[in-house]
Amino acid sequence: MLADSQGKPLRSCSLPVSAVAGKQITTIEGLAVGGKLTAVQQAWLDHDVPQCGYCQSGMIMAVTALLKQKPKPTDADIDAAITNICRCGTYQQIRAAIHAAANA
C-alpha cells in the first residue's frame, strides 16, 4: 500500500506503476523520519501487532491515512476505514494500537 500526495491510501497490488509515474507517493519506508518511528509504527510494536507480516505495510499506511483524517477515531471509524485483511487475526491488537497512536 502507498499513499498519494493527499495522504489517501492506494492499494499498490492493484495499481499499475504507470498510474503513479511523476506523482509523489509515500510507502511505509518513507514514514519514519531520521530513523524515528511514527506513532503508528511504535504503537504496532508496543501492542505486538506484527505476526506474520502479511498485512503490516498496508495496515500501517491505512491507519496513518485514517489518523490524518480523523485524529481520534471511534471504533466505528476504524471499522469503516481499515478494510485490510490480517491473516493472523490480530484485530484486537490493531484496534488497541490505533487508539494508542491516536493518543500519542
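Every value quoted in this text rests on a predicted model; they were computed, and no experiment measured them.

What counts, and at which threshold
Along every chain, residues carry numbers that run from 1 in the direction the sequence is written. In keeping with the model being predicted, local features are shown solely for residues with a pLDDT of at least 70 and side-chain atom pairs are shown and tallied solely at 80 or more, while totals for entire chains, interfaces and linings include all residues. Calculation of side-chain values draws on the structure's entire complement of heavy atoms; hydrogens and water are dropped beforehand. Only DSSP runs of H or I with at least four residues qualify as helices, and only runs of E with at least two residues qualify as strands; both kinds are numbered from the N terminus onward. C-alpha atoms define the radius of gyration, and 2.2 Å times the number of residues to the power 0.38 defines the globule rule. In this description, a nonpolar core means a group of buried Ala, Val, Leu, Ile, Met, Phe, Trp, Tyr and Cys residues linked to one another through side-chain atoms lying within 4.5 Å. Partly exposed describes any residue whose relative accessible area lies between the buried limit of under 20% and the exposed limit of over 50%, with all areas from a 1.4 Å probe on protein chains only and scaled to the type maximum. When checking whether two residues touch, look at their non-hydrogen atoms; a contact exists if any pair is within 4.5 Å. Known as pLDDT, the predictor's confidence for each residue is given on a scale from 0 to 100.

Peer 1: How should I be thinking about the overall build of the chain in this particular structure?
Peer 2: Regarding its fold elements, the chain presents four helices and two strands. What you see in the chain, going N to C, is helices and strands ordered as β-β-α-α-α-α. In terms of overall size, the chain behaves like a compact globule, its C-alpha atoms giving a radius of gyration of 13 Å where 104 residues would be expected to give roughly 13 Å. Over its C-alpha atoms, taken along the principal directions, the chain stretches across nearly 35 × 30 × 25 Å.

Peer 1: What exactly am I supposed to notice about the nonpolar core here?
Peer 2: As a rule of thumb, nonpolar side chains are buried together in soluble globular proteins. Trp44, Ile82 and Ile98 are the most contacted members of the largest nonpolar core, which has 22 residues in total. Per-element tally for this core: the top contributor is helix H2 (residues 56-69), with seven residues. Ignoring sequence-local partners within four residues, the contact set of Trp44 consists of Val49, Pro50, Gln56, Met59, Ile60, Val63, Ile94, Ala97 and Ile98.

Peer 1: How do you make sense of the confidence of the model for the chain when you look at a structure like this?
Peer 2: It should be kept in mind that the predicted coordinates are not to be read in detail where pLDDT is low. Taken residue by residue, the chain gives an average pLDDT of 90. The fraction at 70 or more is 96%. Least confident of the elements in the chain is strand S1 (residues 2-3), whose mean pLDDT is 65; most confident is helix H4 (residues 91-102), at 97.

Peer 1: Honestly, the environment of Cys88 in this entry has me stumped. Any pointers?
Peer 2: Position of Cys88 relative to the elements: it lies in the loop between helix H3 (75-81) and H4. Looking at Cys88, the relative accessible area reads 40%, which means it is partly exposed. Once the C-alpha coordinates of Cys88 and Val40 are considered, the two residues, 48 residues apart in sequence, prove to be 19 Å apart. In contact with Cys88, other than residues within four places in its own chain, are Gln51 and Cys52.

Peer 1: What am I meant to see in unusual backbone geometry here?
Peer 2: Most peptide bonds take the trans form, and the phi angle of most residues other than glycine is negative. You will see that Asp48, though not glycine, has its phi angle at about 50°, which is positive. Within the secondary structure, Asp48 sits in the loop between helix H1 (39-46) and H2.

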